[in-house]
Amino acid sequence: MKQISLESIEKSIAKIDNLDEDGLDRVAETFALSQPVLLGYAMSAAEEYENESLQGLLIYYFCLLIEAFNQQGLKINEIKESDVDDFEEPFFDALDNFFQTDNMEALEEYTDQPHLVQFMSMEISTPDVDGTELDDETATQLFIVTLAVITLLSNSIPE
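Residues numbered from 1 in each chain as written. Predicted model: local features only at pLDDT ≥ 70, side-chain atom pairs only at ≥ 80, totals over all residues. Heavy atoms only, no water.

Comments concerning a negative patch on the surface
Where like charges cluster on the molecular surface, the negative patch consists of D20, E21, D22, D25 and E29. Relative to the helices and strands, E29 resides in helix α2 (residues 21-34). (Patch = residues over 30% accessible without salt bridge, like charges linked within 9 Å, V, L, I, M, F, W, Y side chains within 5 Å. Areas by Shrake-Rupley, 256 points an atom, 1.4 Å probe, with all protein chains shown as cover. Salt bridge = Lys/Arg side-chain N within 4 Å of Asp/Glu carboxyl O. Lys, Arg positive; Asp, Glu negative; His and termini not counted. Charge placed at Lys NZ, Arg CZ, Asp CG, Glu CD. Helix = DSSP H or I, 4+ residues; strand = E, 2+ residues; numbered from the N terminus.)

Details of the packing of helix α1 (residues 6-17) against helix α7 (residues 114-125)
At a closest axis distance of 9 Å, the pairing of α1 and α7 adopts a crossing angle of 50 degrees. As the angle between them shows, α1 and α7 are arranged oblique. Taken as a pair, α1 and α7 cross one another with a handedness that is right-handed. Listed contacts from α7 to L6, I9 and I13 of α1 are H115, L116 and F119. (Axes fitted to C-alpha atoms, helices over the stretch in contact; angles between N-to-C directions. Parallel < 35°, antiparallel > 145°, perpendicular 65-115°, else oblique. Left-handed = near helix turned anticlockwise from the far one by under 90°. Contact = heavy atoms within 4.5 Å.)

Here's the deal with helix α6 (residues 104-111)
Inspection of α6 places L107, E108 and T111 among the buried residues, and these make up the whole buried set. Buried positions in α6, seen along its axis, are confined to an arc of 100 degrees and lie on one side of it. Exposed residues on α6 whose side chains face more than 90 degrees from its buried face are E105 and E109. Tucked inside the fold, the buried residues of α6 contact α5 (81-101), α7 and α8 (136-155). The N-capping residue of α6, defined by a side-chain oxygen 3.0 Å from the backbone nitrogen of E105, is N103. Of the residues one or two after α6, D112 is the one with positive phi, at around 60 degrees. (Buried < 20%, exposed > 50% of the residue type's maximum accessible area, 1.4 Å probe, protein only. Arc of directions from axis to C-beta. Polar contact = N/O pair within 3.5 Å; in protein donor to acceptor, adjacent residues only side chain to side chain.)

If you want it as structure tokens, here you go:
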């Protein structure tokens with residue numbers, strides 16, 4: 001698999017963070033049209049977790065993660081329902097293993113995107129520039145859902 005570099009992550013952050021609200025809406029709409037199943041899967045988590053604050057975070061990171069793949073110059077196939085179905089059981093097994101062992105390397109291997117996993121780990125555990133921190137529940141939920149998005153995107157790279 002082709003891995004996303006730190007440079008591509010930094011370029012993605014620079015691009016997404018410099019968009020105004022309308023620009024972010026346009027990017028989100030473009031990415032939603034290219035990956036409707038993936039967006040639906042990610043956004044369903046906010047409903048399942050009954051966490052409204054997760055919704056805005058998921059849209060932001062959905063855009064940021066897809067942009068990182070774009071910055072890396074990787075084509076990604078459209079994710080289908082069958083891709084999600086095939087991915088879920090092994091993913092939840094990997095998560096269970098992580099929560100039991102706290103072995104981040106196992107998650108990095110599973111997703112085949114160590115830089116993105118490390119980036120998300122830092123994102124959920126570090127306060128924003130303005131000092132805002134995520135509560136533990138939201139941070140954990142965001143981490144789980146973004147790892148799912150990363151894994152599905154990584155799995156969708158054509159051979």
